[in-house]
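Descriptive structure summary
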Amino acid sequence: MIEKDWQSLTILQRNRLPERAYFQRKDHNVSNIDLSGMWRFKWMDAPNRIDPEFWNPLFDDKAWDMIKVPSCWQVEGYGQMHYTDVYYQFPINPPYVPALNPTGFYRRKLHLDNITIGKRVVIRFHGVDSAFHLAINGVEIGYSQGSRMISEFDITNVIKSGDNTIAIAVYQWCDGTYLEDQDMWWLSGIFREVELVITDKVSIWDVKLKTELNENYTIGILKGSYEIENKYDYQLKNIQLKIILKEGEKLISSFETEKINIESLSKDTFECKQIINNPHLWNAENPYLYDLSIELYAEDQLIETIIEQVGFRRVEIINQQICVNGIPIIFKGVNRHDFNCDTGRVVTIQDMIDDIVLMKAHNINAVRTAHYPNHPLFYRLCDEYGLFVIDEADIECHGFELTNRYDWITDDPRWEAAFIDRGKRLVARDINRPSVIMWSLGNESSFGRNFIKMAEVIRSMDKDRLIHYEGDRATEASDVYSTMYSTIEMLEAIGSDTDLTKPHVLCEYAHAMGNGPGGLWDYQKTFEAYTRLHGGFIWEWIDHGIRRYDKNGKATYLYGGDFGDFPHNSNFNMDGLLFPDRTPSPAMMEVKKVFQPIKFYQVDDLPKVKIKNCYIYSTLSHLTFNWTISVMGQKCQEGTFQQLHLKPGEEAEIEIPINIEELKVEATKSMNIVAGVPGIVIDIEARLREKTKWASEMHVIAWEQFSLDAYFNSIYTVTKQQRSYDAVKTKTVEAFDKLTVYANNSTIAFDTVTGKLLTYKINDVVLIEKGPEINFWRAPIDNDMYIKEDWLNKYYIHLMKAAPTSVKWWNNEKGVTVEVEEIIGAPNQAWHYKTKLIYKITDDGSIITKVQGTLFDPLRIMKTMLPRIGVTINVNKDLAAVTWYGKGPHETYPDSETSGRYGLYKMKVEDLLTNYPYPQENGNRSKVAWLSLSDKKNDIEFLGEQPLNFSAHYYTQEDFQNAKHSSELIEKPFVRVNIDYKHNGLGSNSCGPLQLPKHRLNPINFNYGFTIKGLSL
């Protein structure tokens, strides 16, 4: 029975039913039988290994394994897990694939009562990777390919009451695999639901809905094309449709067609039109949907009811801008794969809801389904919750880029039918979804005639949506000019280019791999500065790590190469805003802040702020506004605004009723603060008045924080209240190679050869075990992917070591000073830093620390960024409670700190860790005035002379650098504290531009300081 259909360009299907819209019937749970569950399964390395009797209902499969349907067989332990970004898994020889083509054979028994008698039965596959043959009760039914699209077969004549046998052969590869080289795991099998659709022999086969609006958007027209099929062998008379449109329980419109006759084994189509005055319009902010019922009658008897939801909206280009309902839009979007860390490409409805709820809660308004049609229910949820969708065809031919013929099949007319097939099935399935405003022809497949033909066919099916394809650089087929990973400079050029006539979409940017992306705020400001720019879609939504557990039950997430796969692209699929278990990464906080739909401005005339509505469609009446004034993180005043009814684009100044005298009193209780870190701040928040489908009441939509320090300069003469103690003069004891300083209840020891601070004790309790030591290294983040080659193999920054040139100390009236001069450099490098560490130990046991460095590079050899400039300190592990005043609560870096708020924060050391599945630099808190680590008895404080960066972990940078999975990290017997002067930005250079110049840490001279103070509590 098995034919080699899987490598024939002339065979895309056998007996597959024509593509149609995906819709549901009112009695869906009765008319549809879900075939999910346990199936008999046999995996073999080639199709022809199977016993030819496999298709026979009497074939004995009792010795076979059981497998879940839906599932991906590699995740279930069969075949080879393999991840690639670009590479095909076999030699490129289209349309041929290897004879050793791994194949999964599925069988299951299905007992049916009399439900199918006199009915039409269709079996529907929502997704099978990559091709399959189907037989039922030993009868060959058909063949299909195209992994992420629906395939349906009419099995009315072979299904029966009683026991039935379904047999399926699924091939890992087919000629269609050349069109499915997306950046993801190669996963095979029946990975989406399989169901029987049981209907009357006269039924609604297809529904095509179209909404039109007049020029003023005040009159809506619902056009419906309803295809009726008569599978009886006789003529049916008086066939009629009743079409009912409701708004909740309110009837909006009803329509009855004329009664017609439909000949035997034929079909007919009703074309209907209903006019709705002043319809509520659908958009991503206000996703208004009407309920549509389509009732089919024969001889006045109700046969079936189709239920749909309708959103009235119009997509068009006006004045070179993408408009929905006449209003230009900006995409604040993400690229999304169907993915679950335990099941691969098998996703549940709850997975989809969780994704959309998180998107909406973080001010994301758009999704690009990368790079294939996502699960059909995802689009219905986008309709309901409100997301603009670019719906992408299941096409990517990226592996051909590594040949000298990137357009090998894209421009080959023999492949035209395959391209068109995927376009038609995409559009047919999702044509009724109002959330879909643009069709995308695919991804990273060069450009050629087949895309032009594909676009022509799509336009013939749907003239109401735009067409997108990034590979169409000359926009021959695409309605928009699309690029990916463009720099800010490139976007500015595109935005200001008057020769361009089409709007621009950045379909991928801000590669969210590991710690990052940086620069989101810079991108957003650029989008908003040019009308031609319509925003973009962050790459991507979720990490693709496969979860496994070690012998201790600790989760780890696996990526390319972890399964012995080769060639692979390592952890390049760990590039999402969510960790694999759908936990948001810190980047999500930055996304939410950058995408927030309200802007706040500080007005010079205290106490006013200006508020601007940056929604596309919504007023601000659904929000309540709160304000809070804090002094050094302690809330002292708060209040609310009146309700604001600003329309989009409008702004207003609001006066904050600050009690200045009371504020001055509160400020006198504060400590002295460093310049650059505000001590008095006002926070303004916009919160939901009422709960929504995606957020609870009082959910924060937008916020801003302003410093009030400039208005209260006088309070900075006030210092922090000091703990009382009996200070005594410092005393020094020198013994051989060690200097010990006694000050109050502190004991501080130095190595007189190296100048290193050895220990810092309070009442004989060690608080500092080692340090400070000047440090320029960070464990490379994923976005250091390319620059780290220079760091590691050219400049050897990770090997930089200190060589002391001078260690001096002396007593004076204020205590003891220790001064250490060093040269810090790397092997065989002609550049280095001349550094100086100055410790001034005062009578109370404080250490006023100065860190200075001068770059010595007379030959100008060092031409790249530095990872960081700072010091490392090992602190007693018992001091596990961390308190700081500065930005937080999550990690922040120079180009990713817009979402950090100044405040007083308390966390445990273990909670400061951002546990990236692929370990790397993490957990920095920026613009910090001071921090402390403590237990119930002791405390060590670090007070900056200028804003500091800090991180504190039970791991060293070397630990993060050497580990390949988070489960490999082993805690050290100390807390490694980094007190840093500056950090290099994050950028998104793993697949995108370098950090902007303003966020780069170039080799510079430095001079910063902080005071170390140990206390007994």
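Residues numbered from 1 in each chain as written. Predicted model: local features only at pLDDT ≥ 70, side-chain atom pairs only at ≥ 80, totals over all residues. Heavy atoms only, no water.

Glancing now at the domain arrangement of the protein chain. Looking at the protein chain, the domain boundaries give domain 1 (5-200), domain 2 (218-310), domain 3 (315-593), domain 4 (596-715) and domain 5 (731-1016). Look at where the C-alpha atoms of domain 3 and domain 5 centre, and you get two points 40 Å apart. Contacts between the two partners involve 37 residues from domain 3 and, on the opposite side, 35 residues from domain 5. Between domain 3 and domain 5, the buried area comes to about 2,700 Å², and carbon and sulfur atoms account for 57% of it. For domain 3, the biggest contributors to the area lost against domain 5 are Asn515, Pro586 and Glu590; these three give 24% of the whole. For the pair domain 3 and domain 5, the interface holds one salt bridge. Lys998 is paired through a salt bridge with Asp522; the nearest N and O atoms lie 2.9 Å apart. At the surface where domain 3 touches domain 5, the tally comes to 18 residue pairs in polar contact (both at pLDDT 80 or more). (Domains from an automatic or database assignment. Contact = heavy atoms within 4.5 Å. Buried area = accessible area lost by both parts, 1.4 Å probe. Salt bridge = Lys/Arg side-chain N within 4 Å of Asp/Glu carboxyl O. Polar contact = N/O pair within 3.5 Å; in protein donor to acceptor, adjacent residues only side chain to side chain.)

Next up on the list: unusual backbone geometry. Look at the link from Gly516 to Pro517: it is a cis peptide, with omega at 5°. Of note, Pro517 is situated in the loop between strand S34 (504-509) and helix H7 (520-529). Note the cis peptide between Gly888 and Pro889, where omega equals 0°. With respect to the helices and strands, Pro889 occurs in the loop between strand S55 (881-888) and strand S56 (901-908). (Helix = DSSP H or I, 4+ residues; strand = E, 2+ residues; numbered from the N terminus.)

One open sheet accounts for four strands, arranged S41-S40-S43-S44; its pairing is antiparallel. The open sheet has two edge strands, strand S41 (634-640) and strand S44 (700-707), and neither has a second partner. Across the sheet, the mean angle separating the axes of adjacent strands is 20° when strand polarity is ignored. Here strand S40 (residues 623-631) pairs with S41 via six bridges, running antiparallel. Residue pairing in the sheet places Thr628 in a bridge with Glu638 of S41. Seen against the sheet, helix H9 (residues 660-667) touches S40, S41 and strand S43 (680-688) and runs at an angle of roughly 160° to S41. (Pairing = 2+ DSSP bridges. Axes fitted to C-alpha atoms, helices over the stretch in contact; angles between N-to-C directions.)

Spatially, three strands are ordered S17-S18-S22 in an open sheet, and the strand pairing comes out antiparallel. One side of each edge strand has no neighbouring strand; the edge strands of this open sheet are strand S17 (202-213) and strand S22 (266-277). Strand-to-strand twist across the sheet, computed as the mean angle between neighbouring axes with direction ignored, equals 15°. As judged from the 11 bridges shared by S17 and strand S18 (residues 219-230), these two strands associate in the antiparallel manner. If you follow Ile204 over to S18, its bridge partner there is Ile228.

Helices that pack against each other are described as a pair by the angle of their axes relative to one another and the distance between those axes. Running from amino to carboxyl end, helix H6 (residues 488-496) crosses H7 at an angle of 5°, the nearest separation of the two axes being 10 Å. As far as their axial angle goes, H7 and H6 are roughly parallel. Of the residues in H7, those touching H6 at Ile488, Leu491 and Glu492 are Asp522, Tyr523, Thr526 and Phe527. Residue composition of the contact of H6 with H7, grouped by class: four nonpolar, one polar and two charged. (Parallel < 35°, antiparallel > 145°, perpendicular 65-115°, else oblique. Nonpolar A, V, L, I, M, F, W, Y, C, P; charged D, E, K, R; others polar.)

Given a rise of 1.5 Å per residue, 15 residues ought to cover 21 Å, and the 22 Å separating the end C-alpha atoms of helix H4 (residues 416-430) matches this to within 8%. Of all 15 residues that make up H4, 12 are buried, and the element is covered over most of its length. Of the surrounding elements, those touching the buried residues of H4 are strand S11 (139-145), strand S12 (151-154), helix H3 (376-385), strand S30 (388-392), strand S31 (436-440) and helix H5 (449-461). (Expected span 1.5 Å × (residues − 1). Buried < 20%, exposed > 50% of the residue type's maximum accessible area, 1.4 Å probe, protein only.)

With six of six residues buried, strand S35 (residues 533-538) is to be regarded as a mostly interior element. Pairing between strand S28 (residues 331-336) and S35: four bridges, direction parallel. For Phe331, the partnering residue across the bridge sits in S35 and is Gly535. Bridging between S34 and S35 involves three bridges; their strand directions are parallel. Each bridged residue has a counterpart across the sheet, and for His504 the counterpart in S35 is Leu533.

For H3, a buried count of eight out of 10 residues is recorded, marking the element as mostly surrounded by other parts of the structure. Buried within H3 we find Pro376, Phe378, Tyr379, Arg380, Leu381, Cys382, Asp383 and Tyr385. Note on H3: the residue one or two positions beyond its end, Gly386, has a positive phi of about 100°.

What follows is about the nonpolar core. General note: in soluble globular proteins, nonpolar side chains tend to be found buried as a group. Residues Tyr226, Ile538, Trp541, Ile598, Ile611 and Phe625 are the most contacted members of the largest nonpolar core, which totals 173 residues. Not counting the four nearest positions on each side in its chain, Tyr226 is found in contact with Asp206, Val207, Leu209, Leu241, Ile243, Asp268, Thr269, Phe270, Cys272, Leu292 and Ile294. (Core = buried A, V, L, I, M, F, W, Y, C linked by side-chain atoms within 4.5 Å.)

Positionally, Glu444 belongs in the loop between S31 and H5. One buried charge, Glu444, has no salt-bridge partner; the nearest side chain with opposite charge is Arg368, at 7.3 Å. Within the local environment of Glu444, its side chain forms a polar contact with the side chain of Asn443, the two groups lying 3.0 Å apart. (Lys, Arg positive; Asp, Glu negative; His and termini not counted.)

Two aromatic rings, taken as a pair, are described by how far apart their centres are and by the angle between their planes. Using the criterion set out here, one finds 51 aromatic pairs in the structure. Taking the centre distance of 5.7 Å and the plane angle of 65° together, the rings of Phe59 and Trp64 count as edge-to-face. There is no split in this pair, since Phe59 and Trp64 are both buried. Centre to centre, the rings of Tyr833 and Phe1006 are 5.5 Å apart; their planes meet at 50°, and the pair counts as tilted. Here Tyr833 is found in strand S52 (residues 832-841), whereas its partner Phe1006 is found in strand S60 (residues 1006-1016), with 173 residues between them in sequence. Judged by relative accessible area, Tyr833 falls into the buried class, the value being 0%. Here the aromatic residues Tyr88, Phe90, Trp173, Tyr178, Phe400, Trp408 and Trp415 are joined through ring pairs into a cluster of three or more. (Phe/Tyr/Trp six-rings, centres within 6.5 Å; stacked < 30°, edge-to-face > 60°.)

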